[in-house]
Amino acid sequence: MERRVVITGMGAISPIGNTLEENWANVKVGKCGIDEITSFDTADQAVKLAGEVKDFDPTLYMDFKEAKRMARFSQFAVSAAVQAVNDAKLDLETIDKERFGVILGSGIGGLGDIEEGTLTLEHKGPRRVSPMFIPMVISNMAAGNVAIRVGAKGICTSVTTACASGTHSIGEAFRQIKFGYQDVMVTGGTESSITPLGVASFNAMTALSKSTDKNRASIPFDGERSGFVMGEGAGALILESLDHALARGAHIYAEVIGYGATCDAHHITTPAPDGEGGARAMELAIKEAGIEKEKYSYINAHGTSTKYNDKYETAAIKTVFGENAYKIPVSSTKSMTGHLLGAAGAVEAIYCAKAIEEDFIPATINYQTADPECDLDYVPNEGRNAVVNYAMSNSLGFGGHNASIVLAKYNG
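Residues numbered from 1 in each chain as written. Predicted model: local features only at pLDDT ≥ 70, side-chain atom pairs only at ≥ 80, totals over all residues. Heavy atoms only, no water.

A. Structural view of the sheet that holds strand β1 (residues 5–13). In space, the 10 strands of this open sheet follow the order β5-β4-β6-β7-β1-β8-β14-β13-β9-β10, with mixed pairing throughout. Every other strand in the sheet has two partners, leaving β5 (156–157) and β10 (330–331) as the edge strands with one partner each. In this fold helix α6 (residues 141–150) packs onto β4 (100–105), β5 and β6 (184–191), with an angle of close to 150 degrees to the strand it touches most, β4. (Pairing = 2+ DSSP bridges. Helix = DSSP H or I, 4+ residues; strand = E, 2+ residues; numbered from the N terminus. Contact = heavy atoms within 4.5 Å. Axes fitted to C-alpha atoms, helices over the stretch in contact; angles between N-to-C directions.)

B. Examining the environment of proline 372 more closely. Along the polypeptide, proline 372 turns up in the loop between β11 (360–361) and β12 (384–385). C-alpha separation for the pair proline 372 and lysine 311, spaced 61 residues apart in sequence, amounts to 9.6 Å.

C. Spatial organisation of the pattern of salt bridges. Enumeration according to the criterion identifies 24 salt bridges in this entry. We note a salt bridge from aspartate 375 to lysine 318, for which the minimum N-O separation is 2.6 Å. Taken together, the positions of aspartate 375 in the loop between β11 and β12 and lysine 318 in helix α11 (residues 307–321) put the pair 57 residues apart, joining distant regions of the chain. According to the relative accessible area criterion, lysine 318 is partly exposed, its value standing at 24%. For glutamate 348, the salt bridge identified is with lysine 334, shortest N-O distance 2.9 Å. You can see glutamate 348 sitting in helix α13 (residues 344–358) and its partner lysine 334 sitting in helix α12 (residues 334–337), a full 14 residues away along the chain. On the accessibility criterion, glutamate 348 (2% relative accessible area) is buried. (Salt bridge = Lys/Arg side-chain N within 4 Å of Asp/Glu carboxyl O. Buried < 20%, exposed > 50% of the residue type's maximum accessible area, 1.4 Å probe, protein only.)

D. Broad picture of α11. With 15 residues, α11 extends 22 Å from end C-alpha to end C-alpha; this agrees with the ideal 21 Å at 1.5 Å per step. Regarding α11, the residues found buried are Asn309, Asp310, Tyr312, Glu313, Thr314, Ala315, Ala316, Ile317, Val320 and Phe321. Buried-residue contacts for α11 involve α10 (276–289), β9 (298–300), β10 and β13 (390–397). Downstream of α11 by a residue or two, glycine 322 has a phi angle that is positive, lying close to 60 degrees. (Expected span 1.5 Å × (residues − 1).)

E. Broad picture of the side chain of asparagine 366. Relative to the helices and strands, asparagine 366 is located in the loop between β11 and β12. Since its relative accessible area comes to 18%, asparagine 366 is described here as buried. Once you skip the residues sitting within four places of it in the chain, asparagine 366 turns out to touch Cys32, Lys214, Asn215, Arg216, Ile219, Asp222, Ser335 and Asn381.

F. Highlighting the nonpolar core. Ranked by internal contacts, the top residues of the largest apolar core, which has 48 residues, are Ile7, Met10, Leu237, Leu239 and Leu407. Listed by contribution, the elements that provide at least two residues to this core are β1, α1 (20–29), α7 (165–178), β7 (233–241), β8 (254–263), α13, β11 and β14 (401–408). With 9 residues, the top contributor of residues to this core is α13. Ignoring anything within four residues of it in the chain, the contact list for methionine 10 reads Leu20, Gln83, Ala84, Asp87, Ala236, Leu237, Tyr253, Ile350, Ala353 and Lys354. The next biggest cluster of nonpolar side chains, apart from the first, holds 36 residues, and it includes Ala67, Ala77, Ala81 and Val82. (Core = buried A, V, L, I, M, F, W, Y, C linked by side-chain atoms within 4.5 Å.)

G. Region of the structure containing unusual backbone geometry. Of note in this structure, threonine 206 is not a glycine but carries a positive phi near 60 degrees. As for its position among the elements, threonine 206 is in the loop between α8 (196–204) and β7. In this structure, valine 379 is a non-glycine residue whose phi angle is positive, near 50 degrees.

H. The arrangement of α6 in detail. In terms of burial, α6 is a largely internal element, 7 of the 10 residues being buried. Buried within α6 are the following residues: Ala142, Ala143, Gly144, Asn145, Val146, Ala147 and Val150. Tucked into the core, α6 has its buried residues touching α3 (72–88), β4, β5 and β6. Phi turns positive, to about 75 degrees, at glycine 151, one or two residues after α6.

I. Quick peek at the packing of α7 against α13. Look at α7 against α13: their axes get within 5 Å of each other, and the N-to-C directions meet at 65 degrees. Each of Gly166, Thr167 and Ile170 in α7 lies in contact with α13, whose residues at this interface are Gly345, Ala346 and Ala349. Residue classes in the contact of α7 with α13 are distributed as 3 nonpolar, 3 polar and no charged. (Nonpolar A, V, L, I, M, F, W, Y, C, P; charged D, E, K, R; others polar.)

J. Layout of the packing of α10 against α11. Relative orientation of the contacting elements α10 and α11 amounts to 40 degrees, with a least axis distance of 9 Å. The orientation of α10 with respect to α11, classified from their angle, is oblique. Pair α10 / α11 crosses with right-handed handedness. On α11, the residues that touch Ala279, Met282, Glu283 and Ile286 of α10 are Ala316, Ile317, Thr319, Val320 and Phe321. Considered class by class, the residues forming the contact of α10 with α11 number 7 nonpolar, 1 polar and 1 charged. (Parallel < 35°, antiparallel > 145°, perpendicular 65-115°, else oblique. Left-handed = near helix turned anticlockwise from the far one by under 90°.)

K. Here's a closer look at the packing of aromatic side chains. Counted according to the given criterion, the structure contains 9 aromatic pairs. With a centroid separation of 6.3 Å and 40 degrees between ring planes, the pair formed by phenylalanine 202 and phenylalanine 398 is classed as tilted. One end of the pair, phenylalanine 202, is in helix α8; the other, phenylalanine 398, is in the loop between β13 and β14, and 196 residues separate them in sequence. The class for phenylalanine 202 is buried, based on a relative accessible area of 11%. (Phe/Tyr/Trp six-rings, centres within 6.5 Å; stacked < 30°, edge-to-face > 60°.)

L. Structural context of the environment of asparagine 215. Summarising the element assignment, asparagine 215 is placed in the loop between α8 and β7. The spatial distance from the C-alpha of asparagine 215 to the C-alpha of serine 335 is 8.8 Å, given a sequence separation of 120 residues. Beyond its immediate stretch of four places on either side in the chain, asparagine 215 contacts Cys32 and Asn366.

In structure tokens:
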């Protein structure tokens, strides 16, 4: 028997806040979290801006010794997961640990520590390489550290599908509960790749904006967009079967009702023409959700601020929704946070759940110049109070990985 799946807890760390409450308050006012890079000297770099997490203190969620043994992306993941568990009011003493799992993705893993380890090997020799190097940098360690921290003994796995990692993780966790394998899941994504190599490499692909104006750098769907802005952070969600949530009197933010996953099988970085693969992912999510297309209230777009992504995602939305596409508000919160890579879909799913809970549609901030090929309602510059019954979140990753999820207002 298929089971209903609900969201009962959330935690978020991003360039616009280090808690769920701070994130959502700043989404509502349209805060820009992008600024000059402070974590390293950018004198030799063409790119000067990023969406860095500010004033992050991992010891709020773990002791100092634990934090020292984790790469930054794992610190983010554990911190967001602890927030989510606390928000859900899960009793970790009484929960069935063997039906409590983790699926939490990362696109890259511990890139900063890989850079440092390489320099240590080169300048100090192999004997000086840390014995913690591998356990710190491999991308599954975010999920592993979260499971250890909360005592989850069910499935524990990590999805790595570039920028779609977070959304794929949520979709796969949803299926684990829907089909009865688990009762509770911690899911989401994490990333911390604002490093000299990370920025130089994405820039070498001509993927990043070189703007030095923080308000004209991450500008999804704008006619003057020139590339994405790297961000960092983590989003964690607690998914439960509806019966499990009701039995313990949990607060329900929203219900997860659909998930679609496809591949372009086209090109390692460029989306398929007209967003064909993304359109199929949306169609699959809609089919599973079983909700008529006319009833969708909001789409949180992948909306990276690159020329091809925004053009093709717009085309994909039109393919899926037809003329009704012009009636659905479509915004990109990457205009505020930058692109959190493997964490993007997780943080954006959280924003969708809050949009549903509070009937508020986030804006695409810093929008100025219309693009004739991007002609939908992108909720320019100011968010809106509007009833949000059904929301879709899209993520489209390098390698042609596409993922869409559908969330619904919980009505009993």
